[in-house]
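# Structural characterization, general
For reference, the chains in residue letters:
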Amino acid sequence: MKSAILPGLIIGILSGVWLFIMLSMGLKFSDNNPAAIEFVSILIPIIGLYYGVKRYRDNDLDGKMNFLEGLVEGFKILIVGGIFVVFIGIIYINWISNSEKANWSDFSGRIFAALLIGVLSALAVTLLLMSKSKKVD
């Protein structure tokens, strides 16, 4: 789990910073239609997972990783990042957007989409970086 903390925190911090950047741009989460600029945030977990799983493969597994090892490491990274992002989301909902009538139901759709993107990204990154065999275990 130790190798997943740094990449997970980086994903969480960058996602939190992105949340406040969107807030400063005037975007509100009470809208059901996401703005086009929100889709740029998809790059945060993809790049963070890639470097986190690659670092795990190269440093901890001596460059040899199968599908399951990479997928488990990707999920560990996502759990650490997700905990941090949800914490920042709670701060955002309770103290920052208090006057904008935003609530968890407005924000939860974005959180679910982030979860789905994270899982798909973990699958893709693992398939890209696995080196032990080219078949799925």
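These figures come from a predicted structure and were not determined experimentally. (Residues numbered from 1 in each chain as written. Predicted model: local features only at pLDDT ≥ 70, side-chain atom pairs only at ≥ 80, totals over all residues. Heavy atoms only, no water.)

A separate point is the confidence of the model for the chain. Caution applies to low-pLDDT regions: their predicted coordinates should not be interpreted in detail. The pLDDT averaged across the chain works out to 82; a share of 83% of its residues lies at or above 70. Within the chain, the lowest mean pLDDT, 82, falls on helix α4 (residues 104-129), and the highest, 92, falls on helix α2 (residues 43-60). (pLDDT = per-residue confidence, 0-100. Helix = DSSP H or I, 4+ residues; strand = E, 2+ residues; numbered from the N terminus.)

Note on placement: L128 falls in helix α4. Classification of L128 by relative accessible area gives exposed; the value is 60%. For the pair formed by L128 and F67, sequence separation is 61 residues and the distance between their alpha carbons is 9.5 Å. (Buried < 20%, exposed > 50% of the residue type's maximum accessible area, 1.4 Å probe, protein only.)

Let us look at the packing of aromatic side chains. Each aromatic ring pair is specified by the distance between its two centres and by the angle formed by the two planes. Tallying each qualifying case throughout the model produces one aromatic pair. When the centroid spacing of 5.3 Å and the interplanar angle of 85° are considered together, the rings of Y50 and Y51 count as edge-to-face. When its relative accessible area of 25% is taken as the criterion, Y50 is described as partly exposed. (Phe/Tyr/Trp six-rings, centres within 6.5 Å; stacked < 30°, edge-to-face > 60°.)

Here the focus is helix α1 (residues 2-24). In this model, α1 (23 residues) spans 34 Å end to end at C-alpha, consistent with the 33 Å of a helix rising 1.5 Å per residue. Two residues or fewer after α1 comes G26, characterised by a positive phi angle close to 90°. (Expected span 1.5 Å × (residues − 1).)

Here we take up the side chain of S3. Turning to its location among the elements, S3 is positioned in helix α1. Each residue touching S3, except ones within four places of it in the same chain, is listed here: R55, Y56, D60 and E73. (Contact = heavy atoms within 4.5 Å.)

Between α1 and α2, the least distance of the axes is 9 Å, while the angle of their chain directions is 165°. Classified by the angle their axes make, α1 and α2 are roughly antiparallel. Considering how the two elements wind past one another, α1 and α2 form a crossing that is right-handed. Where α1 approaches α2, its residues S3, L6, P7, I11, L14, S15 and W18 are matched on the opposing element by I44, P45, G48, L49, G52, R55, Y56 and D60. Classifying every residue of the contact of α1 with α2 by side-chain character gives nine nonpolar, four polar and two charged. (Axes fitted to C-alpha atoms, helices over the stretch in contact; angles between N-to-C directions. Parallel < 35°, antiparallel > 145°, perpendicular 65-115°, else oblique. Left-handed = near helix turned anticlockwise from the far one by under 90°. Nonpolar A, V, L, I, M, F, W, Y, C, P; charged D, E, K, R; others polar.)

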